[in-house]
Amino acid sequence: MSGASVAAAERNALADSLLREGPDAPTLCGDWTTRDLLAHLVIRERRPDAAPGILVKPLSFWTERVQSRQAAHDYGENIALVRSGPPLWSPIALPFLVGVDVQEYFIHHEDVRRAQESWSPRPADEARDAILWSQLGMLGKLAFRSSPQGVTLRRPDGAEHAVKAGPRTVTITGEPGELVLYASGREQAVVSFDGEPADVAAVKATDRGL
């Protein structure tokens, strides 16, 4: 399956979950409801003037204003926009960003799923997990850049990304999607830790905000 096909499948699965939960369900994104998360996805793909504020704090005031206005639109219409994917003129539509898209859709799909009372990890998907694993090296380096100890991210089959050097190393093991979720700050990720207890505690306390 191509990267574009994986992105489309994950995007549609996310849209299905947003539709099923409705506009007022909680998410793992702080105080955002599903309506707020949906508006974020729309402006990421369709408002390049507002997208920089997602990552650049001094510009966030404009992003928040645009997102608030988008959230006031019809919920079903916003879902249709996400389901249709980014328009051809959107920077997000550039082919080399497909891995970033898969990661974005996967994380936010789990933000919806795991904020509900009953959830379990989705089954492994070879094509999706391969893309998430390819993204994890860079994501992990950003997420654990301030860790006082070394960090290695390991799949159950033994493949590894060494993302932070340090005097001692903590190894975090999980499926690719679970490691992506943990690296992006989601405590609901299903992962295990191997290392000295104090070192594990220090890594867990690392601010993984990106």
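Residues numbered from 1 in each chain as written. Predicted model: local features only at pLDDT ≥ 70, side-chain atom pairs only at ≥ 80, totals over all residues. Heavy atoms only, no water.

Naming follows an unreviewed UniProt entry, where the protein appears as TIGR03085 family metal-binding protein of Actinomycetospora termitidis.

S.K.: I'd like a rundown of the overall build of the protein, residues and numbers included.
M.R.: A tally of helices and strands in the protein yields eight helices and four strands. Start at the N end of the protein and walk to the C end: the helices and strands fall as α-α-α-α-α-α-β-β-β-α-β-α. For a compact globule of 210 residues, the expected C-alpha radius of gyration is about 17 Å, and the protein comes in at 17 Å, within 12% of that figure. For the C-alpha atoms alone, the extent of the protein along its principal axes is close to 50 × 40 × 35 Å. Put simply, the protein has 210 residues, and 45% of those count as buried. Taking the intrachain contacts of the protein between residues at least 6 apart in sequence as the baseline, contacts between residues at least 24 apart amount to 58%. As displayed, the protein offers around 10,400 Å² of accessible surface, 56% of which is attributable to carbon and sulfur atoms. Charge separation in the protein, taken as the distance between the mean sites of 23 positive and 28 negative side-chain charges, equals 4 Å. (Helix = DSSP H or I, 4+ residues; strand = E, 2+ residues; numbered from the N terminus. Rg over C-alpha atoms; globule rule 2.2 N^0.38 Å. Buried < 20%, exposed > 50% of the residue type's maximum accessible area, 1.4 Å probe, protein only. Contact = heavy atoms within 4.5 Å. Areas by Shrake-Rupley, 256 points an atom, 1.4 Å probe, with all protein chains shown as cover. Lys, Arg positive; Asp, Glu negative; His and termini not counted. Charge placed at Lys NZ, Arg CZ, Asp CG, Glu CD.)

S.K.: Explain a nonpolar patch on the surface to me, and be specific about the residues and the numbers.
M.R.: A contiguous nonpolar patch, built from I54, L55, V56 and L59 and spanning about 340 Å² of accessible area, is present on the exposed surface. Here V56 is to be found in the loop between helix 2 (34-46) and helix 3 (60-71). Under the relative-accessibility criterion, V56 is labelled partly exposed at 38%. (Patch = residues over 30% accessible without salt bridge, like charges linked within 9 Å, V, L, I, M, F, W, Y side chains within 5 Å. Salt bridge = Lys/Arg side-chain N within 4 Å of Asp/Glu carboxyl O.)

S.K.: Explain the side chain of E178 to me, and be specific about the residues and the numbers.
M.R.: In this fold, E178 is placed in helix 7 (residues 176-183). Residue classification places E178 among the buried residues on the basis of a relative accessible area of 7%. Engagement of the side chain of E178 in a polar contact is seen with the backbone nitrogen of V190, the distance being 2.7 Å. (Polar contact = N/O pair within 3.5 Å; in protein donor to acceptor, adjacent residues only side chain to side chain.)

S.K.: Describe the pattern of salt bridges, and please don't skip the residues or the numbers.
M.R.: Summed over all chains, the structure comprises 15 salt bridges. For the salt bridge of R44 with E104, the shortest nitrogen-to-oxygen distance reads 3.6 Å. With a gap of 60 residues between them, R44 in helix 2 and E104 in helix 5 (residues 98-113) connect regions that are remote in the sequence. As far as the burial class goes, R44 and E104 line up, both buried. Of the charged contacts, one joins R114 and E110 as a salt bridge, the two residues approaching to 2.7 Å between their closest N and O atoms. On the basis of relative accessibility, which here comes to 5%, the residue R114 falls in the buried class.

S.K.: Provide a residue-level description of the environment of E64, including the pertinent values.
M.R.: Tracing the sequence through the fold places E64 in helix 3. Spatially, the C-alpha atoms of E64 and Q149 are 35 Å apart, while their sequence positions differ by 85 residues.

S.K.: Quick one: what's the story with helix 3, residue by residue and with numbers?
M.R.: For helix 3, built from twelve residues, the straight-helix expectation of 16 Å at 1.5 Å per residue is met to within 8% by its first-to-last C-alpha distance of 16 Å. Taken residue by residue, helix 3 has S60, T63, V66, Q67, Q70 and A71 as its buried positions. Summarising the axial view, the buried residues of helix 3 lie within an arc of 135°, below the 170-degree limit, and thus occupy one face. Of the residues in helix 3, the exposed ones pointing more than 90 degrees away from the buried face are S68 and R69. Contacts from the buried residues of helix 3 go to helix 2 and helix 4 (75-84). (Expected span 1.5 Å × (residues − 1). Arc of directions from axis to C-beta.)

S.K.: Account for the packing of helix 1 (residues 3-21) against helix 5, naming residues and giving values.
M.R.: At a closest axis distance of 9 Å, the pairing of helix 1 and helix 5 adopts a crossing angle of 20°. For the element pair helix 1 / helix 5, the angle class is roughly parallel. When the axes of helix 1 and helix 5 are compared, the crossing they make is left-handed. Here G3, A4, V6, A7, E10, R11, A13, L14, S17, L18 and E21 of helix 1 come into contact with helix 5, specifically with V98, D101, V102, Y105, F106, H108, H109, V112 and R113. The class makeup of the residues in the contact of helix 1 with helix 5 is eleven nonpolar, four polar and five charged. (Axes fitted to C-alpha atoms, helices over the stretch in contact; angles between N-to-C directions. Parallel < 35°, antiparallel > 145°, perpendicular 65-115°, else oblique. Left-handed = near helix turned anticlockwise from the far one by under 90°. Nonpolar A, V, L, I, M, F, W, Y, C, P; charged D, E, K, R; others polar.)

S.K.: I'd like to hear about the pairing of strand 1 (residues 150-154), residue by residue, with values.
M.R.: In terms of burial, strand 1 is largely enclosed, as four of its five residues are buried. Pairing of strand 1 with strand 3 (residues 169-173) involves five bridges; the strand directions are parallel. Looking at the pairing, R154 lines up with T173 of strand 3. The sheet contact formed by strand 1 and strand 2 (residues 160-164) spans four bridges and is antiparallel. Paired with R154 across the strands is E160, a residue of strand 2. Counted along the chain from strand 1 to the antiparallel partner strand 2, the turn is five residues long, and its residue G158 has a positive phi close to 100°. (Pairing = 2+ DSSP bridges.)

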